[in-house]
Structures are given as structure tokens and as C-alpha cells.
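Reading the structure
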Amino acid sequence: MWRLMLLGSALVMLVSGVLVVAAVLVWNGRALERQFQVAQSALGEILNQRAAETLRLAAELAADQSLSLRLDSIDQAYEHAPEGQTEFQADQHAIVLQLARLGPQLRALLVAYDRDGEALAYFDGRDARFVMGRFTSSLFGGDNRASSAFATSGAAGAVRPVPRSELSLPTQSEFPDWRYVDGQLTQAAVAPVFARPDGIRRQVGYVAVFVADVVTQLDQAARTAGLSTRWMLPPGVAPDAPDGLNAAARQLPAATVPPLGALASGAVAARFETAQFMARVFSLRPQAGADGVRLILLLDKSGMRIRVAMAFIAAMLVPLLASLLVMPVLKRVLRRHVAGPLLDLSAYAKQLLAAPEDQVPAEVQAHADELLQLRVVLDGLVAELAMREHGTELWASVFCCRREAIFVSDLGGLVEYINPAFSEISGLKPDDILGRPASFLKAGLHDEVFYQKMWQALDQDGHWSGEVWDQKADGSTYPQWLWLSAVTDRQGKVTHYAGIFNDLSERKEQEERIQYLAHHDTLTGLPNRSLMIERLRVALLHAEREGHQMAVLFIDLDRFKLINDSLGHSVGDGLLQTVAERLKRAVRASDTVSRLGGDEFIVTLYKIRSTDEARGMAENILGVLAPTARVEGNELAITPSIGVAIYPDHGLDADELIRNADVAMYHAKGQGRNNYQLFSSSMSELAEESLSLEHALRSALDHDEFELFYQPQIEIATRKLVGVEALLRWNSREFGEVAPDRFIRIAEESGLILQMGDWVLREACRQRAEWNLAGIQDFPVAVNVSALQFRQPEFVRRVEESLRLYGVPAAQLELELTESIVMQESSLTANALEKLRQMGVVMSIDDFGTGYSSLGYLKHLPVKKLKVDAAFVRDMESDRADRAIVEAIVSLGRALDLTLVAEGVEQRSTLTSLGKLGCHVAQGYYYCRPLPVGEFLSWYREFAGEAQRLSVA
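Quick caveat: nothing in here was measured; it's all calculated off a predicted structure. (Residues numbered from 1 in each chain as written. Predicted model: local features only at pLDDT ≥ 70, side-chain atom pairs only at ≥ 80, totals over all residues. Heavy atoms only, no water.)

**Here we look at the sheet that holds strand β7 (residues 228-232)**
- With respect to topology, four strands assemble into an open sheet ordered β7-β10-β9-β8, the strand pairing being antiparallel. Here the strands that pair on one side only, and so sit at the sheet edges, are β7 and β8 (270-273). Strand-to-strand, the axes of this sheet are offset by a mean angle of 25°, without reference to chain direction.
- Judged from the four bridges that link them, β8 and strand β9 (residues 277-283) form a sheet pairing that is antiparallel. Residue pairing across strands places Ala 270 opposite Val 281, the latter belonging to β9.
- Against the sheet, helix α5 (residues 213-224) contacts β7 and β10 (294-300), and its axis sits at roughly 145° relative to β7. (Pairing = 2+ DSSP bridges. Helix = DSSP H or I, 4+ residues; strand = E, 2+ residues; numbered from the N terminus. Axes fitted to C-alpha atoms, helices over the stretch in contact; angles between N-to-C directions. Contact = heavy atoms within 4.5 Å.)

Here it is in C-alpha cells:
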């Protein structure tokens, strides 16, 4: 028998192993094919996207008016100048700058050619390299071989014109070409450049774009899909790898190799296999079958072999382990229930047969078979009794270990049995409950109808469950979930009732806690937005039915973010708790104070008699919050901006009232903060205008709607130009010229100030580089930096990249920082300021005197200038307080050896007074208003000429 079992187990192991291996091979093949399809789709999307970007960039360069004018100028110079005497270095400088505007975006190589196909200049966006000159190069030769870099054949203007056919430019088509450049495979596109100098459209040159990181992206996408790549170049460009994959792929007919790009949708990839790899081959040419670059996707077979081997081993081991576990149990069962009784029966029969016939009664001989059967039955009964005894002990053990309380009562309701959990939950010992009716534990919270329905369900259905309140031994009540069942005998007659229950007290507490947290703010304990909206909607229904008014007050704390950023969130949280307590004391008991989040609160006033009552409550809140609050040793001033909306005048539902109160609150902030404003329809129009401005602002960068204006800074003593400030201006397609005070606030609130600030920084550096090339190198350019922009971890790196990109010395860039930025005593601020100082960037504090400054901290800051705010300078001749503030700031700056710049100088008398006080530099309309770059250059030349005449005189 054991041999047969072992043989069967071995057969099962072998069959299961073969079936599992077959299933794994089928599944693995399908999974690998899906893996290739996913990779093909991903690579095709990347290739199409980058191809479109390359073509777009080539077309954008070709359409650039400035570039076409420069190429036309070079073309005219070459045609009309004597041979060997052409000179167009200034035009090449301008071409390089135009290429540098777009090169870094795609990290691409951009090349400009003249009409004859000679390369004039290129800009390498990968490392900001550029070369100027009239030169030829083998870089783009027809054999596609790699070369080092552009090789200048001679000095600018002294090179023989080379026909375009010898340069073998990339072909202009609807899909980019591929070129092998500087040891890298690049995607290349070319576009002709046209000009209309005399009204006649004519071609003046070409522009070409070579993008190298397409190959890297395709490789990364393949690795993400679990595949490796191999690039197959035309014969002779690169030697075959030792594994010969290129040679194997090259044997595939060209017509069977589909393109990977836009034409590859649904195409079946060409494939081949080696001993080590499974491969799929695609063409990177736009037409299928064209000779050129191919991409081979490879999958290593070793992983597949390992999976098959592991599956086979697992399929063999599982039946083996199962057999080893089952065989002892099966052996014991057979011995106990089959072999044992048979052996006993055989021994009894042998005794009967071996006994002498004269000693065996005749009736026993006649009923020997019955006796043997009786022996078997008796042995079975003994085994069954032993089993039932074991089962009874097991069930008793289960009842004792259950965490739920269990009790059994007779038909009269007297308790006959309880488990230990019953005593733990109720506090009653067995002697206190056994033999007594279970009803004496009633808490008295349910009426008789409740119990009648319970017993009725128990009699009809045989079971009942539900929540019941009972009392414990100490008299306290608690909720429990009770299951009752009727216990019947074999005839189906009810003999007992069994009950199981557990204590719901902890669960009820958790539910109440969850309910509280779902509707209350965890920091202040105030109702949150959801509970406030729910209460407000109910109150609006009552107000509509009873015909009375209501009010919603939207409260926002002024400059709360500054407290959080400068003193830490723990201080901010303590301040919010103080505000919550004061607001609860300020309102009536029937009103609701809730917190929306952050530093925003809402007060709902029920049943007000008039608008004046809401105004009075707003004034009361202003007064309650006016005293300073002491939080963790800090004396903090609290000022709120409050918006008030009245039902039904300003809204008929909760959302409309809250929205209009929010609009009124922002209007209060615009009125100087620390006040309240009642909503009006004009405010809603302003809010809609702000929203429209924000939408237009998001697309302003893409549409080139921003421009920098420049305002000079003049040294008072010498009348010398010592700097210019770059000021952002917005000429919107939709709104026309938008004042900075209208869109800067929106940009800061929406976060768009980050993109705008980066653009201003790059554009200012680009303009400074252009001035340097033009020989205008006397002054730095000052750029305003917002607090949000400065707090970005990569701000210093962005400054460094902008300077390096355009080759501008750090000393020619000045960053104007507000007091709120430089006065933050944080390690992040200190590290950023120190890195900027080490770079050589000049830093100044803008609008000094409008914020708050720590003089002890100020003397340690690496700043060189203080700019006196125009609000103090403009009226210093007529306002004694403004003059005193200016004198104090000038004295402080001179004591700290800082350069003082006065903004807003509009009159001669103001300039004279500033000079007498010791102020160094003046800026304002007295000298010049902010001008676009062209007008500023005209002003600069006139100012420089006047300064030269004065110095000669």
C-alpha cells in the first residue's frame, strides 16, 4: 500500500510540474509580448512629441524677425563688399543672443547658416557654448560620421563660399532627420529663413536644430519597461558589438522594419532571437524600410529561464510536501477505523474457533456471528463516547475563552450558566446571577413595547439581535449589542435561551469622538466648515420661514503668515487659540464661531434686527482682538480684516453669503486692513475682475506680454549714473496696459510670482549682456525679489544659472529684498544671503521703513544699500514726520556704512534736501520715468553726452 502511495505521489509531482511549466511558458510569452508593446507605444509617443518640439523650434527660429534681419544684413554685406573684406561680427553677436534665448530650453544645438549654406554661428544649449565666424564643418557631413566640434576654416569673412550641397544639411521634411553629432545621435530639423527688406520675400539663410537628449529619453523609457536598447547605425559609422546584434538586425529586410514614430501605430515590429536575447527592431526614419538608424529593443532570456526553473521546482515540491504531511494522518485513520476493528474481530473469531466444542454452549455456537457484530458495535460506542467527551471539553474551553459575555437561561428566564466574560463586563459574580432572572439587569431605558417585540421575534424566528441598555453591578448603565437564540432538542422543542452580548461603551465613545472631530477644528475646538455650513443652512430655513435677517462675518487675521514664518508654527497655533477664545466671548450665546482653516474664521449671527446690529458686532470684534496677545513669551498684535454679508440682501443661500462675505473681507484688506466692510455689488465686480486678471496672467508669459522698463539711479553729488532698476510691465491682449499694483498682488496670491520672478531675472541678465556687447558697462541692473521667490530652496542656483547663461558678472546684478525677507532670522535666509554675497551679487533692502527691522540683526546682514521708501521721500518737504523718518534712516545708513538710495524724487527741492542730509543716490521722475529699453538707451546716450559736456566745461 505504501509503495502505491509513493508511486502515485511521484506521478502527481511529475504531471503538475509539466503543466505548471507549460502554463508559465504561455503566460510568460504573452507577458513579454505585452511588455514589448507597452515599450513600443511609450517610445513612439516620446519620439513623436520630441519630433514635434524639434520641428516647432526650427520653425520658431526661422520665423524670428530679428534673426532674419541679421541674416539678411550678412547676406547683403557678403554680396556688396569686396571679396575677403566682409565684416559682420556685430550681426553674429546678435544671432548668438537670439539662439541663446531658446537653446537652453531643449538643451539643443542651434545653428544658423547663410543663403549659400555656410554655418555662421551656433549655440550649444547643453553647455552654453557658442561659436561665431563664417566657417564650414564636417560635423554634418553626408557620411554621418562623428567629429569633434565646429572647425573654423579661417578668420571671419576670409573663407571661400561653400555650396549648400557640400554641407549636407538635414533635409526639410515633416519628420526630423537623424545625425551623428559629437559622438551623439541627434534628431535634426532644418527650416529656411526668409526676409522682406524691400517688400520682396527672399531666402536669406537656414536654421538647424540638433537635439541630443531624445536618445537618452528613449533609453530611459525602455529601461522603465524592463528592456535594454541597442542603436544600429548605417554601415561604416560604428563597428558591430561583439555579440553581433547589429549584424543580425541588419539582415532583416528594410521593408519589414516599421518606423517607431507617428507611422508606427499598430505596426508589427520586426523581430529576431539569439541564444541570449529576444529582440524587436524599429526604424527611426519617417518612412518604413528607409536605410538609416534603427533601434533594437532587447530582453534578456536569463530571467525567463530562471522563472521556468523555479516554477518547475515549486510544482514538484508542493505535492511532495503535501504527501509528507497527509501520510501520517492517513496512516493513523486507517489503523484506527479499518485495521484495528478488523484485527479485534479476527482475534475473537480465532478464540471461538480454537475453543473445544464441548465447552461452547450450543446457543453461543448458533449466534457466534451476532456476538461478533455486538463486539464491533460496542467498540464503536466506546469510541463515539470518547469523541463526544472530547468535544464537550473543547466547547467548554471555547465558551470560557470568548471575550463576549455568554449566558444560558431556562424557559422561565432564570440564569443557569455564564462565562467569565459576563462577570468582567457586568461586574456580577456567578453567585450573584445564577438562579436569578436576567431581567433584573434592565436599566429602565426601554419601555415594555420594546421587550414585547423582542420576545415576539424570539418566539417566531428563534433569534433576535439589537442594541440594549443594561446596568452593571455598581448601578451604572452601559450599551450592549445582544444576540438571543432559542435552544431546541432533537425533536425541535425549545428547552433554553442563550444570549451573547458585548460592551459598546468604548465603541460609542470612539464614534462620538470621530463625530466630534469630523465637525470641529482640532486646534481651537470650534465648529469646522462642514458643521458651520450645516448650521447655517438650517438657520437660513428658519430665517426664511420667520422672515428675519441674518449676518455672516468673514474674519481673516492680517499678516498671520509673517508670524508663522518668523516665530514658528507653535506660536501661530497659540495665537489662533487665543483668537478663538476672544471671538467666543465677543458674540452672543446663540451665534456660532467657526474656523474655516488657516487664519480664517466665520461668525454667524442669527436673528439680527438690522444691518446696524451686524456693524456693531464687527466693531465689537475689532475691539476684542485689539489688545496684544502673549504667546510663548512673545507680545503679538492682532488685527483682523472683516467682511460682512446680510441675509437676504447679499445672498439667499449659505455658499453665496460666505462668498460675498469673503469678497468684502478682501476689500477690507485693500482698504488698509484692521477694519470691516459691508458687502456691495461693486465689490463683486472687483472680485470678478481680479479673477479675470489672474486667468489672463497665467497665459501672459506664453504670449510674451511682459516687458521690462528701466529707471536710472543717479548719484546726487556727481550726477553720475550708478545703476538702473528693472521694473516689470504687463501689456495684456485682453486688458491692455495693466498697472503693477493691480497684477503683482494677484501674482503673489496665486503663486505665479515664481514664474514671473524667474523671467524677470533671466531677462534682466540677458539685457545686461546685450549692453555689455554694445560697450555699455558702467552700471548694475537692480531686480526686485518677492518673499515667496526668495524662500525657494533653488533661488540661489537660479541666480547663478542666469548669470552664467548670459556671461554677466555678478557685480552687475543687484537684488532688492524687502525687510520681511532679510529680517527672518532663519538658517535658510542666512545661508542664501551668504551664498549671494560670496558670488559677488549686490544686495539692498527695498522700501526700508515700511516694515519692522531688528537693528541688532541689520548690522550683521551682507547688504550694501538701503532704499528709502517713496512714501516718506515724496512729502518730506511738507510733512515734518516724513522728513524726520528720512533723516533717521539716512543717519542709520551712514552709521552702518551703507549706500542710501531715495525713491520717489520728483522735485529739485527734494533732491537738494536729500543731498544736504547725506543721501547718496536719487531715483524718481525728477530724472526720468521708467522707460522701455529702446527709449532708455536714447535717454542714456543723451544723459551721457550731457555729463561729458559738463565734465569738459
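**What about unusual backbone geometry?**
- Residue Tyr 647 is joined to Pro 648 through a cis peptide bond whose omega torsion reads 5°.
- Along the chain, the position of Pro 648 falls in the loop between β21 (640-647) and α18 (654-670).
- Backbone geometry at Arg 559 places phi at a positive 55°, although glycine is not the residue there.
- Assignment of secondary structure puts Arg 559 in the loop between β16 (549-557) and α15 (560-567).
- Judged by relative accessible area, which is 55%, Arg 559 ranks as exposed.
- Even without being glycine, Glu 632 reaches a positive phi, approximately 50°.
- Positionally, Glu 632 belongs in the loop between β19 (629-631) and β20 (634-636). (Buried < 20%, exposed > 50% of the residue type's maximum accessible area, 1.4 Å probe, protein only.)

**Quick notes on the pairing of strand β29 (residues 865-868)**
- In β29, alternate side chains face the same way, and those of Lys 865 and Lys 867 on one face and Leu 866 and Val 868 on the other are all buried.
- Pairing of strand β28 (residues 842-848) with β29, which is carried by three bridges, proceeds in the parallel orientation. Pairing of Ser 844 across the sheet is with Lys 865, part of β29.

**Comments concerning the sheet that holds strand β14 (residues 477-488)**
- In space, the five strands of this open sheet follow the order β12-β11-β15-β14-β13, with antiparallel pairing throughout. The open sheet has two edge strands, β12 (415-418) and β13 (463-471), and neither has a second partner. Going from strand to strand, the sheet's axes swing by 25° on average, the running direction of each strand aside.
- Across the face of the sheet, helix α12 (residues 448-461) comes into contact with β13, β14 and β15 (494-503) while running at roughly 150° to β13.

**Quick notes on the environment of Ala 405**
- Summarising the element assignment, Ala 405 is placed in strand β11 (residues 405-409).
- Owing to a relative accessible area of 0%, Ala 405 belongs among the buried residues under this scheme.
- Separated by 17 residues in sequence, Ala 405 and Phe 422 place their C-alpha atoms 4.1 Å apart.
- Setting aside residues no more than four positions away along its own chain, Ala 405 makes contact with Asn 419, Ala 421, Phe 422, Ile 425, Gly 499, Ile 500 and Phe 501.

**Looking at helix α29 (residues 908-917)**
- Buried within α29 we find Thr 910, Leu 911, Ser 913 and Leu 914. One side of α29 carries all its buried residues, which in axial view fall inside an arc of 165°. Away from the buried face of α29 by more than 90 degrees, exposed residues Arg 908 and Lys 916 are located.
- The inward-facing, buried residues of α29 contact α27 (870-873), α28 (880-895), β30 (899-902) and β31 (921-922). (Arc of directions from axis to C-beta.)

**So, the confidence of the model for the chain**
- For the chain, per-residue confidence averages 77 on the pLDDT scale, and 73% of positions sit at 70 or higher.
- Mean pLDDT across the elements of the chain ranges from a minimum in helix α4 (residues 164-167), with 38, to a maximum in β31, with 95.
- Within the model, pLDDT remains below 50 along residues 133-167, and this stretch shows 94 contacts once partners closer than five positions in the same chain are excluded. (pLDDT = per-residue confidence, 0-100.)

**So, the pattern of salt bridges**
- Per the stated rule, a full pass over the model turns up 29 salt bridges.
- One salt bridge in this structure joins Glu 794 and Arg 797, with 2.6 Å as the shortest N-O distance.
- With relative accessibility at 38%, the residue Glu 794 sits in the partly exposed group.
- Residue classification places Arg 797 among the partly exposed positions, given a relative accessible area of 36%.
- Across the pair Glu 903 and Lys 867 runs a salt bridge, and its minimum N-O distance is 3.2 Å. Residue Glu 903 is found in the loop between β30 and α29, and its partner Lys 867 is found in strand β29; the two are separated by 36 residues along the sequence. In this structure, Glu 903 and Lys 867 share a single accessibility class: buried.
- Each of the salt bridges in this network shares a partner with another, and the network as a whole consists of Asp 758, Glu 794, Arg 797, Arg 798 and Glu 801. (Salt bridge = Lys/Arg side-chain N within 4 Å of Asp/Glu carboxyl O.)

**Examining the side chain of Gln 713**
- Position of Gln 713 relative to the elements: it lies in strand β23 (residues 706-715).
- In contact with Gln 713, not counting residues within four places along its chain, are Lys 720, Leu 721, Val 722, Gly 723, Val 724, Glu 725, Glu 816, Lys 865, Lys 867, Val 921, Ala 922 and Gln 923.

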